[in-house]
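Survey of secondary and tertiary structure
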Amino acid sequence: MLSANRPGFLTRSTLAALILAVTTLALPTLTSAQAAEEHPTFTRDVVPILQASCQNCHRPKGMAPMPLVTYEQVLPFAPLIKYKTSNRTMPPWHIDRNIGIQEFKNDRSLSAEEIATLSAWVDAGAPEGDAADMPPQVEFADAAEWNIGEPDVIVSWNYTVPAVGADLYGDLYSDDLIGELSEDRYIKAIQTRTPDDASRRVVHHGLSYAEGGSGNGNDEESQFLVEYASGKDAEIYPDDSGVLLEADSKIRLSYHFHPVGVETDAKIELGIVFHPKGYVPKYRRWSKQLGQRMSLIDIPAGEVVRTDGYVYFHLNAKITAFQPHMHALGTYQCLELIYPSLGATAKTEIVSCAHWDYNWHTIYNYNDDSAPLVPKGTVGHMISYFDNTEANPGNHDARNWTGDGGRTIDEMSFSWLGWVDLTDEEYNEELARRKALREADGTSVAGLD
Ligand code: HEC
């Protein structure tokens, strides 16, 4: 029929009849045939992307506001899905793709092809497609389940959050952590969870610290263990590593609760899986807040401000995870390494930069072959940007000066780094391994030159 459309073949009247026929009868079939060929469909092309990258949060009882499982659920959001995936605000993954390391264990971002598929589907009118193409539904674990396996020890805290009132901040302590902790043990995996929906609504964050093990009761020296916050992923320790929990430690939970209109019994549980008794992992893993410029954060109303924090690496290290931390005015944070100076100039390298959204405390776990190697004597440099203008959607009132502090309306400027220390021998071995890898595949690896 398409070839008959060439004008030379046709008289005026047959052409008119044909046009009529095409518009009334043939056009609908033509369009849907074309759509199947040229346009992505929901069942065939869109669902696999939603299953792999969205439904973990966007499903009934998931953490996201709406499920994206059935066609009826997804259709009203089609334009918003195009918008949020094209500007890469969904799935939440805020690493700057133009600078620094891009290989992560928990990268949940979409590929350029996936984004193009979603956009083309929306532009085509979001067709459902053939029901036969629909893949089976994916079963997800209950959001309340442990994703570290069954913990050896669970420390739990309860708190009655009133129906109304200001946000609540403070510390809760465990009794002697755990009767079993009469000797030093290494943590293999750790997770904080809120076991029910009601708790999830009121628990804004919970940070746990080990205290008192070797008498270091003050804030400076308590050892940070793990964070629970909106949008936080599980922290992945590399194999062969563990976090030392000293005998007789107590666990302090630094909390932030948020009243939601009904009195709520908030439950928070910290689950710990230990390495076997007596086992000393090859690497002791550290996790600390570094580069904070407390008392030096000074953000006048209406201004964009940068702060610079520093940390000195006394020992060789491998950085396994980077997690920026700022509050509402934060917009962007970078981790730079200033390598020990060999001559007049020190070589510097930006390892990672991430855009900041206070709703998303994302931890970026580096792939083993890309985790930055840090020779001793290196200075870590945390560069944080704050936007105290109207242009920042996170800014509730651009008329206020803002400084440092613990409240959500104050600011912070540190990075959480996870790392393991390396002996000279281990460092050189890993360096040689990386160089060989890089020669093989032509990629670049932080800290090698
Ligand atoms: C890690 C959890 C998570 C993943 C993965 C995720 N989302 Fe979301 N999404 C959320 C949360 C939470 C919100 C609401 C808060 C926000 O916008 O940051 C949201 C909001 C949205 C919104 C805006 C809804 C509105 O009414 O404003 C859209 C659209 C969306 N997500 C689409 C997607 C798509 C498409 C994917 C996958 C390609 C995806 N999301 C992956 C958690 C997630």
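For the structure, see preceding data.
Below you will find a few notes about this structure. This is a predicted model, so every value here is computed, not measured.

Before going further, it helps to examine the side chain of His-327. Along the polypeptide, His-327 turns up in the loop between β13 (316–325) and β14 (330–338). Those residues in contact with His-327, other than ones at most four positions away along the chain, are Trp-356, Tyr-358, Gly-405, Gly-406, Arg-407, Thr-408, Asp-410, Glu-411 and Met-412.

Attention now goes to the state of the cysteines. Here the structure, examined in full by the defined rule, presents one disulfide. Here Cys-334 connects covalently by a disulfide to Cys-353, the sulfurs 2.1 Å from one another. Classification of the bridge connecting Cys-334 and Cys-353 rests on its S-S torsion, roughly 110 degrees, and on that basis the disulfide is right-handed. One end of the pair, Cys-334, is in strand β14; the other, Cys-353, is in strand β15 (residues 348–355), and 19 residues separate them in sequence. A relative accessible area of 5% means that Cys-334 is categorised as buried. The class for Cys-353 is buried, based on a relative accessible area of 2%.

Let us look at the sheet that holds strand β1 (residues 95–100). A sheet is described by the order of its strands in space; here five strands give the open sequence β1-β15-β14-β18-β12, paired in antiparallel fashion. Among the strands making up the open sheet, the edge pair consists of β1 and β12 (304–312). Sheet twist, expressed as the average angle between the axes of neighbouring strands with direction ignored, equals 15 degrees.

Moving on: the nonpolar core. Counting residues in hydrophobic clusters, the biggest one holds 26 residues, and the most contacted among them are Trp-157, Ile-187, Ile-190, Leu-225, Leu-245, Leu-270 and Ile-272. At the level of secondary structure, the elements contributing two or more residues to this core comprise β2 (153–161), β4 (185–193), β5 (203–211), β6 (223–229), β7 (241–245), β8 (250–257) and β9 (264–274). Counting 23 residues, the second largest nonpolar core, distinct from the first, contains Phe-104, Tyr-364, Val-374 and Leu-417.

Attention now moves to the packing of aromatic side chains. If you walk through the whole model with that rule in mind, you get 15 aromatic pairs. An aromatic cluster of at least three residues, connected via ring pairs, comprises Trp-93, Phe-104, Phe-322, Tyr-364 and Tyr-366. Above the face of the Tyr-209 ring, Arg-252 is positioned so that its terminal group lies 4.4 Å from the ring centre.

Turning our attention to the coordination of the iron atom of the ligand. At 2.0 to 2.3 Å from the iron atom of the ligand lie its protein donor atoms, namely His-58 (NE2) and Met-90 (SD). Around the iron atom of the ligand sit six donor atoms; with metal-centred angles ranging over 87 to 180 degrees, the donor geometry is octahedral. Highlighted residues: His-58 in the loop between α2 (42–53) and α3 (71–74) and Met-90 in the loop between α4 (78–86) and β1, separated in sequence by 32 residues. On the basis of relative accessible area, His-58 is assigned to the buried category, the value being 9%. Classification of Met-90 as partly exposed rests on a relative accessible area of 28%.

Cut-off values and rules
Residues numbered from 1 in each chain as written. Predicted model: local features only at pLDDT ≥ 70, side-chain atom pairs only at ≥ 80, totals over all residues. Heavy atoms only, no water. Helix = DSSP H or I, 4+ residues; strand = E, 2+ residues; numbered from the N terminus. Contact = heavy atoms within 4.5 Å. Disulfide = S-S within 2.5 Å. Buried < 20%, exposed > 50% of the residue type's maximum accessible area, 1.4 Å probe, protein only. Pairing = 2+ DSSP bridges. Axes fitted to C-alpha atoms, helices over the stretch in contact; angles between N-to-C directions. Core = buried A, V, L, I, M, F, W, Y, C linked by side-chain atoms within 4.5 Å. Phe/Tyr/Trp six-rings, centres within 6.5 Å; stacked < 30°, edge-to-face > 60°. Lys NZ or Arg CZ within 6 Å of the ring centre and 35° of its normal. Donors = N, O, S within 2.8 Å, 3.2 Å for Na, K, Ca; no water. Tetrahedral: all angles 85-135°; square planar, octahedral: opposite > 155°, others 65-115°.

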